[in-house]
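One letter stands for each residue in the lines below.
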Amino acid sequence: MSIGATGGTTRSPIARTLGTVFGARETGIAIALVVIIIAATLRNPSFLFSADGYRDLLLTPSILLLVAVGQAIVIITRNVDLSVGSVLGLTAYLTGRLFIDFPGIPPALVFVAGIAFGAVLGLINGALVAFARVPALVITLGTLYIYRGINVAWAGGDRINASDMPAEFRGLGTAQLASIPVLTVIALVVLVVAAWYMRNARGGREFYAIGSDPDAAQLYGLKVTRRILVAFVVCGALAGLAGVLYAARYGTVSSQAGTGWELQAIGAAVIGGVAISGGSGTVWGAAIGAFLLLTINRALPILGIQDFWQRAVVGALILGAIVLDRVLSLRQSRKLIAQRDETHV
């Protein structure tokens, strides 16, 4: 710490960097994740120090990470998408059907079809929210059941089996690149691109502006309707990509694939520091939240905690994140009011 020219104290760049890192909300979630991994590993070293343990630690949360990133973008605009689990289930089943109905179809084309199909379903959600001016909670609750109903009617009692898909595609579920699962690499690439866009691109910053105050954003001339449509399309496309990867990862796809994933995605985003009221949070936080949620599910049984308490812990994390968000919002509001008063003295 040094004395500035004006007589005030200034911090060194290292101190400022450390202050920024440890002041970020994502840091606390990341520390909690590390603590859980260490505790579970001390109890059972194979949790981390085994080929399957290390792989599962990275692989299992990868698909939820994709859904959580899309959900975070929608929540930042002060909306929510409850249909992502159904979109994932539909695209996972579509993936299997494409391989059955079009033998020899290139896996790359299946990826494009799954992402495009998810984007279309997201566009329907976004159009209903943006043009009908109905709360996203109501709209996407309806499409959750509609998309799931379509999936059930389409699949009936049938299911996609691993033998219905080519070995090249199924191999994606277990393949590794430099000891890192390929699915994890795909999820991290998507995460980095989304994080860069949200932080640096004009469109990403407009998502935050719309979520902070939609009326002010409209008055300022931002294209609110277009941005909301884009947010839902991106969310649907990522759920579509997650559906394709789900088929590759698990091999078996029924009409119930993806059931409940919408709540896990919302939970991951909220635990990761994305304000449910919109306008703040990062996709990095949502990604760490996804890892934390699924790592807890693996770690708590090793620590001897019963199933009921596992669910209670997840619920407590979500409530704690919401309370923390409210406390930080009030503190920030008081700080801004104090700065305004000092300026006018």
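Residues numbered from 1 in each chain as written. Predicted model: local features only at pLDDT ≥ 70, side-chain atom pairs only at ≥ 80, totals over all residues. Heavy atoms only, no water.

A separate point is the packing of helix 3 (residues 51-76) against helix 12 (residues 261-271). Two elements in contact, helix 3 and helix 12, have axes separated by 8 Å at closest approach and are oriented at 70°. Classified by the angle between their axes, helix 3 and helix 12 sit roughly perpendicular to one another. With respect to the hand of their crossing, helix 3 and helix 12 are arranged in right-handed fashion. Between helix 3 and helix 12, the residues in contact are I63, L64, V67, A68, Q71, A72 and I75 and W261, E262, Q264, A265, I266, A268 and A269, respectively. For the contact of helix 3 with helix 12, the class distribution of residues is eleven nonpolar, two polar and one charged. (Axes fitted to C-alpha atoms, helices over the stretch in contact; angles between N-to-C directions. Helix = DSSP H or I, 4+ residues; strand = E, 2+ residues; numbered from the N terminus. Parallel < 35°, antiparallel > 145°, perpendicular 65-115°, else oblique. Left-handed = near helix turned anticlockwise from the far one by under 90°. Contact = heavy atoms within 4.5 Å. Nonpolar A, V, L, I, M, F, W, Y, C, P; charged D, E, K, R; others polar.)

With the rule as written, the count across this model stands at four salt bridges. Between D101 and R97 there is a salt bridge; the shortest N-O distance is 2.7 Å. Of this pair, D101 and R97 both sit in helix 4 (residues 84-101), four residues apart, roughly one helical turn. When the shortest N-O distance is used, the salt bridge between R202 and E206 registers 3.0 Å. One end of the pair, R202, and the other, E206, are both in helix 9 (residues 202-212), four residues apart, so they sit about a helical turn from each other. R202 sits in the exposed class, given a relative accessible area of 63%. (Salt bridge = Lys/Arg side-chain N within 4 Å of Asp/Glu carboxyl O. Buried < 20%, exposed > 50% of the residue type's maximum accessible area, 1.4 Å probe, protein only.)

Counting across every chain of the model gives six aromatic pairs. Arranged with centres 5.1 Å apart and planes meeting at 75°, the rings of Y93 and W154 form a pair that is edge-to-face. In this pair, Y93 sits in helix 4 while W154 sits in helix 6 (residues 136-155), placing the two residues 61 residues apart along the sequence. Residue Y93 is classed as buried on the basis of its relative accessible area, which comes to 2%. Exposure remark for W154: the relative accessible area of 37% places this residue in the partly exposed category. Taken together, the ring pairs connect F99, F111 and F169 into an aromatic cluster. (Phe/Tyr/Trp six-rings, centres within 6.5 Å; stacked < 30°, edge-to-face > 60°.)

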